[in-house]
Amino acid sequence: HSTPVKSAGHAADYGLSSTRTHSTPIKSSGLMSDSTVRTTLPTKLLGQRTEGQLSARPHSTQTVASAGEAPVPFAMSEGVQVEDEVPIGTATDDDAGEYWLPWHIDSNFVTVLHKEMYADEHTAAFVPEPEGSGLMLMNPDGDVAKLRTRDDALLLQMGAFAQIYAGGQINACRHAVLSPRPPGIARFNFCNFWYVPWHTVCDAPEGRTSTAVSTGWNAMMDSSYLGITMKQGFAAFRKFMTSPEARVQFADSVRFKELSEMLPLPAAAADRAASPSSTGARAVAELVVDVMTDVRCPFSFLSQLNLEEALRRLGLDQDAIVRYHPVFLNPNVPKEGESLDDYLLREYGYSKDFAHSENYPLRVAGLKAGVALNPNRRVVNTFDAFCLIDAAEAAGKQHEMVKALSRRYFEEAEDISDLKVLRAAAEEVGFPGEEVGPWLADNGRRARVQSAYEALNSRLGEVPHFLLRERVSGHGVEAGGNRTPEEWERVLQSVLEKARFVGMSVPGPYGKDVWLAEANPNAPVSMAFGAQHGYAPGAWPYAPDRFSRLDESPDASMYAEPRFVHHLDDASLARLTEAYRSAFAAVGPGFAALDLCSSWASHYPTELLGGARVAVHGLNEAELRVNAQATEHHVQDLNANPSLPWADASFDFVTMALSVQYLTDPRAVFAEMHRVLKPGGMAIVAHSHRCFIEKAVKAFAEETYDGEGHTHLISRYFQHGPGGGWSGLAAADVSPQHGDPMWLVTAVKAPGTAA
């Protein structure tokens, strides 16, 4: 059987998915789809087939062409040398992700750096470079080598802007950093990134645009580098460098990203989210495992058993969500099926005696996993079985249904395409057997299963295929084949590693810290205020015209008609609800909250609103009237009259979501927010990258950076509305990995300040 696709960050996908530091579509960046990359890489760089690895292959084996060309040597200065070709492309199945930093090109002109160094984390003593570590270099032909240099050498590494300004006469350096991260060993080095003045535009010399930007599967840059300023390029590169996937040392493959978008992560369960917030404790990591397979695939069955054992050993069996998706080995199996003996003889030349013998490899592997595979089973059509699995998912019993079907098929050799067997499996899980027939006849369900199969079938070359992700960060790995419990433990540990870089505390109400489990503490938005070390301008820094708008007509006219829509996607709004949940839980039942600039949905966590006072404010009466979370509502145009009708110190929380960009007198509004909050109460302002641009004030509309720039702007509103009235100013990026951004700016009404 063919070797499964390698996990994210290994040489088989080559870590190329994270090479772009600009936001161009993956297909236009010179990075082909994962399956194409694997067929065009030189043979010497491909993962070698692993002895004993088990997987099932519904498609024909892909042909891999050899490069057949001599490697292009690297030009190096004195004292710097490159090893001959090293077998980094000979990937193993041991773990997932050895890249400290994936393959990329720096976007600046020149990077000055010294050789990385290593030290013992406990004694700070220098230690030798761990085996398998170092700076890897790639030339335009794709040949890879490891850098060897003196410890006291300074290296000059050319960046993308140097290549563009030279019209391609200078090559930007394709590079990656490998690090196996031995326990207790720290890696560090000095890097200095050189740019020219911020507002310089990156343009190629006349007539050399076509040669200025690299092309091909290993381009690691694209035309998005042209026509941007140094400041814009730096912002994009910093966003890449501070992203969790770069810091966590794992690069996601193109297919990992595609599958992640196809299979959205579930929102946090309400009962898991609230408890850690008041203490600042870190919640237990939640794993989401998506299994793409055919329910009759024996390799998948055994691998799932071993995965369950690994989850149990790590104490994660209660914190993992396992979901199943159809990839049929053969969707055209006739209804009557086929004898497995006939199938094995025809396809593989296995005799019945061998397939039923004690030393048949699958039987041996099954016994090792704790199950006796019945050799008398038949090859059957599993479409109806997956329709039953789909029906069970709605009741939260998909995993139980798969286990029931698997036991009946693999151990009892029952025909899981037969209606009677499917009814029995449903009853075993707790469903009425008579409901199975209508479920299977449901055209909508059958179309859904067929659509899921077609979408996955076009992206996967073999089954089983597993997508393992940490729910909060969305980061994880791909894995395939039948893995042992020990191998699964290593894969799971690599996924858990990603959770260490997610979550942060912000100052909360009444002296308590609020733990935002879904925040990225290393994002520029989250680090915005810390980077300025408490700086605040002494005077209001904006001229009056910065709060003018393209459309100065009364706001009441624009909002005269109700809009019962959401302005961001569900994943982003779920992150906002989760942030509210963490903050509200710090106060407890019976709190009072004011939702400014609200509408028909406040996105508050419903389970925490028992006994709470929820006042909603907005511009449209019809929208506010149907807000199910509100206990009272008030219609008011803050740009016409910023004075709020509530008494001083009325609320524990004031929230404002996705509307701060429209305020023409933000200081007055924020001063009113301060007045109606109780001393020690918390304000939460959420913003994103979408707005009605004609109604956004100029200061917002013309800001270069959607996230960090707007965060600083909102901070000025707090700092001067009123001056000295707020404490604990903080910002957090709680954006989902796939979805609209969700950025928060929070502050606490300073105790002892006037209402």
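Just so it is clear, the structure is predicted and the values come from calculations on it, not from any experiment. Position numbers for residues start from 1 in each chain and track the written sequence from start to end. Where totals are concerned, whole chains, interfaces and linings use all residues; where local detail is concerned, this predicted model gives features only for residues with pLDDT of at least 70, and gives and counts side-chain atom pairs only at 80 or more. Excluded from the side-chain calculations are hydrogens and water; all other atoms, namely the structure's heavy atoms, are used.

Draft legend 1. Layout of the overall build of the protein chain. Helix and strand counts for the protein chain stand at 24 helices and 25 strands. Split into buried and exposed, the 755 residues of the protein chain put 54% on the buried side. Residues are treated as being in contact if the distance between any of their heavy atoms lies within 4.5 Å. Pairs at least 24 residues apart make up 77% of the contacts formed inside the protein chain by residues separated by at least 6 positions. Where accessible areas are quoted, they stem from the Shrake-Rupley method and a 1.4 Å probe; at the residue level, only the protein chains shown are allowed to cover. Carbon and sulfur atoms make up 53% of the accessible area of the protein chain, which amounts to about 31400 Å² in all. Think of it this way: any DSSP run of H or I at least four residues long counts as a helix, any run of E at least two long counts as a strand, and we number them from the N terminus. Each residue is assigned to one of three classes by its accessible area relative to the maximum for its type, calculated with a 1.4 Å probe on protein chains only: buried under 20%, partly exposed between the two thresholds, exposed over 50%.

Draft legend 2. Region of interest: the pattern of salt bridges. Salt bridge, as applied in this entry: a Lys or Arg side-chain nitrogen positioned within 4 Å of an Asp or Glu carboxyl oxygen. Within this structure, the stated rule accounts for 40 salt bridges. Two residues, Arg549 and Asp555, come together in a salt bridge whose shortest N-O distance is 2.8 Å. Exposure remark for Arg549: the relative accessible area of 11% places this residue in the buried category. Residues Arg625 and Glu621 are paired through a salt bridge, measuring 3.5 Å at the closest nitrogen-oxygen approach. With a gap of four residues between them, Arg625 and Glu621 both fall in helix 21 (residues 621-625), about one helical turn apart. Residue Glu621 is classed as partly exposed on the basis of its relative accessible area of 35%. A cluster of three or more residues bridged by salt bridges with shared partners is formed by Glu309, Arg312, Arg313, Glu486 and Glu489.

Draft legend 3. Fine view of helix 11 (residues 361-369). The set of residues buried in helix 11 consists of Leu362, Ala365 and Gly366. Down the axis of helix 11, the smallest arc covering the buried residues is 100°, so these residues share one side. Elements that come into contact with the buried residues of helix 11 comprise helix 8 (298-313). Backbone geometry just downstream of helix 11 places Gly370 in the positive-phi region, at approximately 95°. Starting at the helix axis, one direction is taken to each C-beta atom, and the arc is that of these directions.

Draft legend 4. Structural context of the sheet that holds strand 19 (residues 592-596). Strand order in this open sheet of seven strands is 21-20-19-22-23-25-24, and the pairing throughout is mixed. Two strands in the sheet have a free side with no partner beyond their single neighbour: strand 21 (632-635) and strand 24 (726-733). Ignoring which end each strand starts from, the neighbouring axes of this sheet average 15° apart. By this definition, two strands are paired if DSSP reports at least two bridges between them. Bridging between strand 23 (residues 677-687) and strand 25 (residues 743-749) involves six bridges; their strand directions are antiparallel. Each bridged residue has a counterpart across the sheet, and for Ala686 the counterpart in strand 25 is Leu744. Of the strands in this sheet, strand 22 (651-657), strand 23 and strand 25 touch helix 20 (residues 570-585), which is tilted by about 170° from strand 22. Axis lines are fitted to C-alpha atoms, over the contacting stretch for helices. Their N-to-C directions set the angle, which ranges from 0 to 180 degrees. This element, helix 22 (residues 666-676), spans strand 19, strand 22, strand 23, strand 24 and strand 25 of the sheet and lies at about 140° to strand 23.

Draft legend 5. Local environment of the nonpolar core. Take the buried residues of types Ala, Val, Leu, Ile, Met, Phe, Trp, Tyr and Cys, join any two whose side-chain atoms come within 4.5 Å, and each joined set is a nonpolar core. Counting residues in each nonpolar core, the largest one holds 69 residues, and the members touching the most others are Met401, Leu405 and Leu468. For this core, the element with the most residues is helix 12 (residues 383-394), which contributes eight residues. Core analysis: the second largest hydrophobic core is formed by 36 residues, Ala528, Trp646, Val654 and Ile714 among them.

Draft legend 6. Up close: the packing of helix 13 (residues 398-411) against helix 14 (residues 419-429). Across the interface, helix 13 lies against helix 14 with an axial gap of 9 Å and an inter-helix angle of 135°. Here helix 14 runs oblique to helix 13, going by the angle between their axes. Crossing of helix 13 over helix 14 shows right-handed handedness. When helix 13 is examined against helix 14, the residues Glu400, Met401, Ala404, Leu405, Arg407 and Arg408 are found in contact with a partner set consisting of Val421, Leu422, Ala424, Ala425, Ala426, Glu428 and Val429. For this classification, Asp, Glu, Lys and Arg are treated as charged, while Ala, Val, Leu, Ile, Met, Phe, Trp, Tyr, Cys and Pro are nonpolar and the rest, including Gly, are polar. Classifying every residue of the contact of helix 13 with helix 14 by side-chain character gives nine nonpolar, no polar and four charged. Working definition: roughly parallel below 35 degrees, roughly antiparallel above 145 degrees, roughly perpendicular at 65 to 115 degrees, and oblique for all remaining angles. Rotating anticlockwise by less than a right angle from the far helix to the near helix defines a left-handed crossing, while the corresponding clockwise rotation defines a right-handed one.

Draft legend 7. Representation of the pairing of strand 16 (residues 476-480). Counting buried positions over the five residues of strand 16 gives five, a clear majority of the element. Inspection of the sheet shows strand 15 (residues 465-470) paired to strand 16 by five bridges, in the antiparallel sense. Across the sheet, the residue bridging to Leu468 is Val477, located in strand 16.

Draft legend 8. View of helix 12. Expected span, for any helix, means 1.5 Å times one less than how many residues it has. Helix length check: helix 12, at twelve residues, gives a terminal C-alpha distance of 18 Å against a target of 16 Å (1.5 Å per residue), a fit within 8%. Most of helix 12 sits out of view: ten of its twelve residues are buried. If you check which residues of helix 12 are buried, you get Phe383, Asp384, Ala385, Phe386, Cys387, Leu388, Ile389, Asp390, Ala391 and Ala392. In this fold, the buried residues of helix 12 make contact with strand 11 (287-293), strand 12 (320-326), helix 13, helix 14, helix 15 (436-441) and helix 16 (443-457).

Draft legend 9. Here's a closer look at the sheet that holds strand 11. Spatially, four strands are ordered 12-11-15-16 in an open sheet, and the strand pairing comes out mixed. Two strands close off the open sheet at either side, each with one partner strand: strand 12 and strand 16. Neighbouring strand axes in the sheet, compared pairwise and without regard to direction, differ in orientation by 15° on average. With six bridges connecting them, strand 11 and strand 15 associate as antiparallel partners. Its bridge partner lying in strand 15, Asp290 is registered against Leu467.

Draft legend 10. Seen up close, the confidence of the model for the protein chain. Of all residues in the protein chain, 82% attain a pLDDT of 70 or more, and the chain-wide mean is 82. Segment residues 273-282: pLDDT under 50, and 23 contacts once partners within four positions in sequence are set aside and those in other chains are kept. The predictor attaches a confidence to each residue, and that confidence, scored 0 to 100, is pLDDT.

Draft legend 11. Fine view of the packing of helix 12 against helix 16. One can describe the packing of helix 12 onto helix 16 by two numbers: an axis separation of 10 Å at closest approach and a directional angle of 105°. Taken together, the axes of helix 12 and helix 16 are roughly perpendicular relative to one another. Residues Phe383, Asp384, Phe386, Cys387, Asp390 and Ala391 of helix 12 lie in contact with helix 16, whose contacting residues are Arg445, Arg446, Arg448, Val449 and Gln450. The residue makeup of the contact of helix 12 with helix 16, split by class, is five nonpolar, one polar and five charged.

Draft legend 12. Just the side chain of Asn108, in detail. For Asn108, the position within the fold is in the loop between strand 2 (99-104) and strand 3 (110-114). What qualifies as a polar contact is a pair of N or O atoms within 3.5 Å, subject to a donor-acceptor requirement within protein and to the restriction that residues adjacent in sequence count only when both atoms come from side chains. Engagement of the side chain of Asn108 in a polar contact is seen with the backbone oxygen of Val110, the distance being 2.7 Å. Excluding its chain neighbours within four sequence positions, the residues that come into contact with Asn108 are Gly159, Ala160, Phe161, Ala162, Phe193, Trp194 and Tyr195.

Draft legend 13. Representation of the pairing of strand 5 (residues 134-138). The element strand 5 is extensively covered by neighbouring structure, given that five of its five residues are classed as buried. Where strand 5 and strand 8 (residues 174-178) come together, five bridges link them in antiparallel fashion. Pairing of Met136 across the sheet is with Ala176, part of strand 8. Relative to strand 6 (residues 144-149), strand 5 runs antiparallel, the two sharing three bridges. Bridge pairing in strand 6 places Met138 opposite Val144. Connecting strand 5 to the antiparallel partner strand 6 that follows it, the hairpin turn spans five residues, and Gly142 within it adopts a positive phi of roughly 95°.

Draft legend 14. Representation of the packing of aromatic side chains. Two aromatic rings, drawn from Phe, Tyr or Trp (for Trp, its six-membered ring), form a pair once their centres lie within 6.5 Å of each other, and the interplanar angle then sorts them: stacked below 30 degrees, edge-to-face above 60, tilted otherwise. For the coordinates displayed, the defined rule picks out 36 aromatic pairs. Plain terms: the ring middles of Phe126 and Phe188 are 6.3 Å apart, the flat faces sit at 35° to each other, and that makes the pair tilted. Taken together, the residues span a long stretch of sequence, with Phe126 in the loop between strand 4 (117-120) and strand 5 and Phe188 in strand 9 (residues 185-188) at a distance of 62 residues. On the basis of relative accessible area, Phe188 is assigned to the partly exposed category, the value being 36%. Pairing Phe328 with Phe386 gives two aromatic rings, centres 5.7 Å apart and planes at 80°, and the pair type is edge-to-face. A residue pair is termed long-range when its members are at least 10 positions apart, and Phe328 in the loop between strand 12 and strand 13 (338-339) and Phe386 in helix 12 qualify at 58 residues. Judged by relative accessible area, which is 3%, Phe328 ranks as buried. Overall, Phe386 belongs to the buried group, its relative accessible area being 4%. One aromatic cluster is present, built from ring pairs that chain together Trp540, Tyr542, Phe547, Phe670, Tyr717, Phe718 and Trp726. In this scheme, Lys NZ or Arg CZ marks a charge over a ring once it lies within 6 Å of the ring centre and within 35 degrees of the ring normal. The ring centre of Phe431 lies 5.6 Å from the NZ or CZ of Lys397, which sits over that ring.

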